[in-house]
Amino acid sequence: MSKNLAAELDIAEVALRHGLPYLALGAGRPLVFLRWFTPDHANPSGWMRNSEIKMLTPLAWHFRVYAVNRAPGMPEGTTMGEIAAQHADALQAEFGEPVDVLGVSSGGSLALQLAADHPGAVRRLVIASSGYRLDPLAKQAQIRYGEAAFAGRRALHHLAPITASSRLVARLAGAGMWLIDPLGRPKNPADTLAFVRAEDEFDLSDRLAEITAPTLVLGGERDAAYSTENFRHTADGIPNSRLIVYPGTSHMGVVKHAQFARDVSEFLTSPTPLAP
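Calculation criteria
Residues numbered from 1 in each chain as written. Predicted model: local features only at pLDDT ≥ 70, side-chain atom pairs only at ≥ 80, totals over all residues. Heavy atoms only, no water. Patch = residues over 30% accessible without salt bridge, like charges linked within 9 Å, V, L, I, M, F, W, Y side chains within 5 Å. Areas by Shrake-Rupley, 256 points an atom, 1.4 Å probe, with all protein chains shown as cover. Salt bridge = Lys/Arg side-chain N within 4 Å of Asp/Glu carboxyl O. Helix = DSSP H or I, 4+ residues; strand = E, 2+ residues; numbered from the N terminus. Buried < 20%, exposed > 50% of the residue type's maximum accessible area, 1.4 Å probe, protein only. 1 Å grid on protein atoms, 1.4 Å probe; cavity = no way out; pocket = protein on both sides within 12 Å on 5 of 7 lines; lining within 4 Å. Points joined across faces, edges and corners; volume = space filled by probe spheres on them. Nonpolar A, V, L, I, M, F, W, Y, C, P; charged D, E, K, R; others polar. Core = buried A, V, L, I, M, F, W, Y, C linked by side-chain atoms within 4.5 Å. Contact = heavy atoms within 4.5 Å.

A. Structural context of a nonpolar patch on the surface. A grouping of Trp 178, Leu 179, Ile 180 and Leu 183 is seen on the molecular surface, where their side chains present a nonpolar patch of about 480 Å² in accessible area. Position of Trp 178 relative to the elements: it lies in helix H6 (residues 167-180). Note on Trp 178: relative accessible area 39%, which makes it partly exposed.

B. Inspection of the layout of surface pockets at higher detail. Computed from the structure, the largest pocket encloses a volume of approximately 1500 Å³. Taken together, 41 residues line the largest pocket, and the ones lying closest to its centre are Trp 36, Phe 37, Pro 39, Trp 47 and Met 48. Of all the secondary-structure elements, those providing two or more residues to the lining of the largest pocket are helix H2 (46-60), helix H5 (136-150) and H6. Ranked by residue count, the leading element in the lining of the largest pocket is H2, at six residues. By residue class, the composition of the lining of the largest pocket is 21 nonpolar, 13 polar and seven charged.

C. Local environment of the nonpolar core. Grouped together as the largest cluster of nonpolar side chains are 60 residues, with contacts concentrated most on Val 101 and Leu 125. The greatest single-element share of this core, amounting to seven residues, is contributed by helix H3 (residues 80-95). Among residues more than four places away in sequence, those in contact with Leu 125 are Val 101, Ala 111, Leu 112, Ala 115, Ile 211, Ala 213, Pro 214, Thr 215, Leu 216 and Phe 267.

D. How the structure looks around unusual backbone geometry. The phi torsion at Asp 10 lies on the positive side, around 55 degrees, for a residue other than glycine. With respect to the element layout, Asp 10 can be found in the loop between helix H1 (3-9) and strand E1 (12-15). If you check the backbone angles, Ser 129 has positive phi at about 50 degrees while not being a glycine. For Ser 129, the position within the fold is in the loop between strand E6 (122-128) and H5.

See the structure below:
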């Protein structure tokens, strides 16, 4: 990334209350981006940092985007509700008013919990590649990954089944992930395991109606981690919501979709966000 672009985006890396690490960029009304599942509870570095900035830049032309991760040192037995309470307190301390929240994948689980438990913290809500609970394949993949990483074994290949809807492609991806695993092992695998166990128990089946924030649910038709039925159930359960499913799109393909930034920006800035 060029120095000119970095200066233009006014990139900063600090932490919110409770030590929640964040990377901020852009200008405008705050948009809190709750990160997907990450090996470490930290800001990304190297190519992962550049990739995240590239993905968020179209939104940063309209908002001051705060890419927030979970706090390091997560105790064993932590629940998603406790993680959401920590985030609600940190957001109130930083902004003093409800903010727009975008949660992707595991960040979507947290965003839904946050909106249900702390409605005063969320102005408008965007959920991408996520739903009211994990589908069985995603639960199995994450738990296997977390337990293997905690035991010091190769773990990354356990996530391969949720990277592609094709079994053949997933198998090929798994072989590559097994090889590169030593390059991306968690620095604190206890954090990783604590979070995957919290998300394993996450289920808002009976609480979606408690979410009062206008909500946009974005999903991919070919998401191997979440079914289209999961996206639809999530959107149908939230009183003031809309669902968009991108055809032929994978789990992480949603945030790379040509319409993603436009759909998010229009929803968050429209006077009537859910008008047809």
